[in-house]
Amino acid sequence: CSEPNAMVLGTVQENQPSSRTVLLKRFDKKGFVFFTNFGSRKAREILQNSNVSLLFPWYALERQVIILGSAEKINKEESLSYFQSRPRNSQISAWVSEQSKIVQSRIELENKLNQTKKRFEGKEVPLPNYWGGFRIIPIEFEFWQGRENRLHDRFIYQLENEKSVNIWSISRLCP
């Protein structure tokens, strides 16, 4: 796995599914965090329908993990903390790319990059107000392990609420 933190994010807009690969940058007891431009297609779709899926496809290992949950914006402090940890050129790229919008040419994009580098020359690159993170709060995990004769192992963990206590039920699924 050259990018073990690469995950396919699935969203829905007007009953039309949409998928793309994003990078997992943080995780904790609350969920799984990735960062993006809030004007991007994925962000707009999440803001309309917070139900999402994540898929970690580790083909070389014959394994995958699917996570279902809901997405929410993280706070600005968390976004700033991650933004400041990024390489300077990645910080500048956040200012350059109007993610998911049509650009006329590569030259136009490179010109905007050069202008932005000059704009922030000798200065700290600030966090754009349209850029930050989303946390996926899981309600279901499915673990898949490839096996001989297509008799794969599949286990599903589902979050259930019993008497105001969250517990995870675990079931084996047929392959």
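Residues numbered from 1 in each chain as written. Predicted model: local features only at pLDDT ≥ 70, side-chain atom pairs only at ≥ 80, totals over all residues. Heavy atoms only, no water.

We now examine the packing of helix α3 (residues 88–96) against helix α4 (residues 106–119). Running from N to C, α3 and α4 point in directions that differ by 120°, and their axes come no closer than 9 Å. It follows from the interaxial angle that α3 and α4 lie oblique. Handedness of the α3/α4 crossing: right-handed. Facing α3, whose interface residues are Asn89, Ile92, Trp95 and Val96, α4 presents Leu109, Lys112, Leu113, Thr116, Lys117 and Arg119. (Axes fitted to C-alpha atoms, helices over the stretch in contact; angles between N-to-C directions. Helix = DSSP H or I, 4+ residues; strand = E, 2+ residues; numbered from the N terminus. Parallel < 35°, antiparallel > 145°, perpendicular 65-115°, else oblique. Left-handed = near helix turned anticlockwise from the far one by under 90°. Contact = heavy atoms within 4.5 Å.)

Attention now goes to the pairing of strand β2 (residues 16–23). The side chains of a regular strand alternate, first on one face of the sheet and then on the other. Sheet topology note: the strand β1 (residues 6–13)/β2 ladder contains 8 bridges and is antiparallel. Bridged to Gly10 within β2 is Ser19. Here β1 hands over to β2 after 2 residues, with Glu14 in that stretch at a positive phi of 50°. (Pairing = 2+ DSSP bridges.)

Phi at Asn15 is positive, roughly 65°, even though this residue is not glycine. One can find Asn15 in the loop between β1 and β2. The exposure class of Asn15 is exposed, given its relative accessible area of 74%. In this model, Ser100 sits at a positive phi of 80°, which is unusual for a non-glycine residue. Looking at where Ser100 falls in the secondary structure, it is placed in the loop between α3 and α4. (Buried < 20%, exposed > 50% of the residue type's maximum accessible area, 1.4 Å probe, protein only.)

One water molecule sets the probe size; rolling that probe over the atoms shows where empty space is left. Quantified by volume, the largest pocket comes out at close to 340 Å³. As for the largest pocket, its lining consists of 16 residues, and the residues nearest its centre are Phe35, Thr36, Arg86, Gln99 and Trp131. Every element with two or more residues in the lining of the largest pocket is listed here: β2, β4 (32–37) and α3. Looking at the lining of the largest pocket, the element that brings in the most residues is β4, giving 4 residues. (1 Å grid on protein atoms, 1.4 Å probe; cavity = no way out; pocket = protein on both sides within 12 Å on 5 of 7 lines; lining within 4 Å. Points joined across faces, edges and corners; volume = space filled by probe spheres on them.)

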